[in-house]
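So you can see what is in the structure, the chains are spelled out below.
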Amino acid sequence: MTRNLAFAASALALVMGAAPDASAHGVEPTARPWTKVEHDADRAAYDFWSFLTNPAEAAVHITIDMSGGYRYVRSDGIPDHQPGQFPNRGNPHTISKQDYNFRVTLRPQMAGRLTQLGHQNFGVALNGVPFDPLTAEYWRRDRSSGWNIEAMSGAMNLGLDKSNAHVQPNGAYHYHAVPNGLIEKFPFRDKPTLLGYAADGFPMYGPFGYQDPRNPGSAMVQLRPSHRVKQGTRPSGPGGRYDGTYVQDYEYVAGLGDLDACNGREGVTPEYPKGTYYYVITAAYPFIPRCWVGTPDQSFSRGRPGGMGGGMGRGPNSFGQGGMGGSMGGGMPPGGFGQGGFGQGSMRQGGFGQGGMQQGGGRGGGMGGPPGGPPDLNAAAARLGISAEQLHHALGPPPPDFESAAQKLGISAEQLFKALHPNGRR
């Protein structure tokens with residue numbers, strides 16, 4: 001009760017434009033007081049937490065700054081609701097504080113093309129916990145197979161708690177589906193409930209929305225995704241009939257449900273009465289969207305498994321001056337190596353760290369980036385006389401198997417290393 005009252009006083013101070021008690025519940029808004037509302041979306045963007053429109057408790061140890069057209073979200077990743085028991089039989093890891101520093105635009109725009117998620121965080125919840133739908137588990141533990149086990153399929157015991165969350169090896173607690181512990185703080189069946197923001201800046205809402213997306217007076221219904229399990233049998237890998245065990249078992253069918261390929265739609269919400277595009281976290285596949293309609297900020301990229309390690313930089317691009325600090329838990333996202341350099345982190349399970357590649361380094365002998373940043377895949381592909389797509393395909397999903405990648409390309413591991421790190425030493 002004392003904690004809730006302390007938070008309420010802090011939130012009220014923020015609404016009134018006064019400097020809140022920074023020690024109250026770990027809330028430390030550092031943005032200047034709101035003085036002008038040009039658009040309803042501006043107000044919604046400024047009011048990042050829905051506690052300004054719905055009575056709810058904000059996250060522990062989370063701060064936001066707004067400047068230069070961006071919202072900077074910094075949190076320790078500890079949920080503001082009771083998590084499950086960790087470690088447990090399906091998840092041997094213990095929750096620990098992280099050092100997240102996410103950045104999202106205040107003016108999200110449709111990009112004209114979809115960006116597939118890959119193995120990275122889709123967005124951040126109001127309490128500072130990431131939405132991270134994909135898993136590091138593959139058929140026969142073979143990442144090159146392309147058959148990625150769906151977290152919510154039940155095919156493996158991943159130790160998920162009642163909030164559909166569990167813990168990565170580095171202690172990062174993250175959601176794989178509807179965050180029940182968070183959404184239950186809101187009257188989520190009575191009106192669309194803001195749960196957080198995606199990496200491209202568009203808002204994310206709970207599974208209930210207006211039946212008519214443009215009419216807030218219409219009935220509240222549970223929104224239906226437009227994905228389904230494919231018919232027939234798998235052409236490779238595990239074989240057998242499609243049954244939802246793997247991400248690749250699903251397909252999008254336009255018009256099948258209420259939502260588009262990225263599990264979103266356009267409509268009005270309490271925070272956006274004039275309308276916006278928004279994503280929906282649903283009770284059925286894909287649960288958390290697997291693509292963005294806008295351009296995701298690079299601050300949401302990170303390797304797997306294990307996610308972000310010792311913490312992210314605090315520079316305006318959320319990567320700091322040297323990129324991601326601490327240790328990276330698991331290599332590169334499939335979409336590339338990111339635009340910022342990686343810091344002085346150690347290399348683990350294929351992650352990138354300062355000091356080049358250590359043969360057999362980490363646990364599994366992954367690739368290490370040279371001092372000054374990650375390798376340039378386009379340049380490396382040109383050195384090898386192949387396309388960047390071929391090099392991406394050979395490296396495969398994270399963490400990359402260096403020896404296997406070289407074998408697929410028909411070259412030696414030494415040649416591949418020299419192409420990626422022309423100035424480095426193995």
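Structure report, in brief. Keep in mind that what you see is a predicted model, and the values were worked out from it rather than measured. (Residues numbered from 1 in each chain as written. Predicted model: local features only at pLDDT ≥ 70, side-chain atom pairs only at ≥ 80, totals over all residues. Heavy atoms only, no water.)

Counted under the stated rule, the structure contains 16 aromatic pairs. Taken together, a centroid distance of 5.5 Å and an interplanar angle of 45° make the contact between phenylalanine 131 and tyrosine 175 tilted. Here phenylalanine 131 is found in strand 6 (residues 130-131), whereas its partner tyrosine 175 is found in strand 8 (residues 173-175), with 44 residues between them in sequence. By relative accessible area, which is 0% here, phenylalanine 131 ends up buried. For tyrosine 175, a relative accessible area of 0% corresponds to the buried category. The interplanar angle of 85° and the centroid separation of 5.2 Å between the aromatic rings of tyrosine 277 and tyrosine 279 together place this pair among those described as edge-to-face. The rings of Phe122, Phe202, Tyr277, Tyr279 and Trp292 are connected pair by pair, giving a single aromatic cluster. Across from the ring centre of tyrosine 197, 4.2 Å away, lies the NZ or CZ of arginine 71, which sits over that ring. (Phe/Tyr/Trp six-rings, centres within 6.5 Å; stacked < 30°, edge-to-face > 60°. Helix = DSSP H or I, 4+ residues; strand = E, 2+ residues; numbered from the N terminus. Buried < 20%, exposed > 50% of the residue type's maximum accessible area, 1.4 Å probe, protein only. Lys NZ or Arg CZ within 6 Å of the ring centre and 35° of its normal.)

A few words now on the state of the cysteines. The term disulfide refers to a covalent linkage connecting the sulfur atoms of a pair of cysteines. Using the criterion set out here, one finds 1 disulfide in the structure. Disulfide pairing places cysteine 262 opposite cysteine 291 at an S-S distance of 2.0 Å. Across the disulfide from cysteine 262 to cysteine 291, rotation about the S-S bond amounts to roughly -120°, and the bridge is consequently left-handed. On the criterion of sequence distance, the pair formed by cysteine 262 in the loop between strand 14 (250-252) and strand 15 (264-267) and cysteine 291 in strand 17 (residues 291-292) is long-range, its members being 29 residues apart. Owing to a relative accessible area of 0%, cysteine 262 belongs among the buried residues under this scheme. (Disulfide = S-S within 2.5 Å.)

In this section: the sheet that holds strand 2 (residues 70-75). Strand order in this open sheet of 3 strands is 1-2-3, and the pairing throughout is antiparallel. Only two strands of the sheet have a single neighbouring strand rather than two, namely strand 1 (62-67) and strand 3 (100-105). Along the sheet, successive strands turn relative to each other by an average axial angle of 20°, direction set aside. Strand direction decides the pairing type here: strand 1 and strand 2, joined by 6 bridges, are antiparallel. Bridge pairing in strand 2 places aspartate 65 opposite tyrosine 72. (Pairing = 2+ DSSP bridges. Axes fitted to C-alpha atoms, helices over the stretch in contact; angles between N-to-C directions.)

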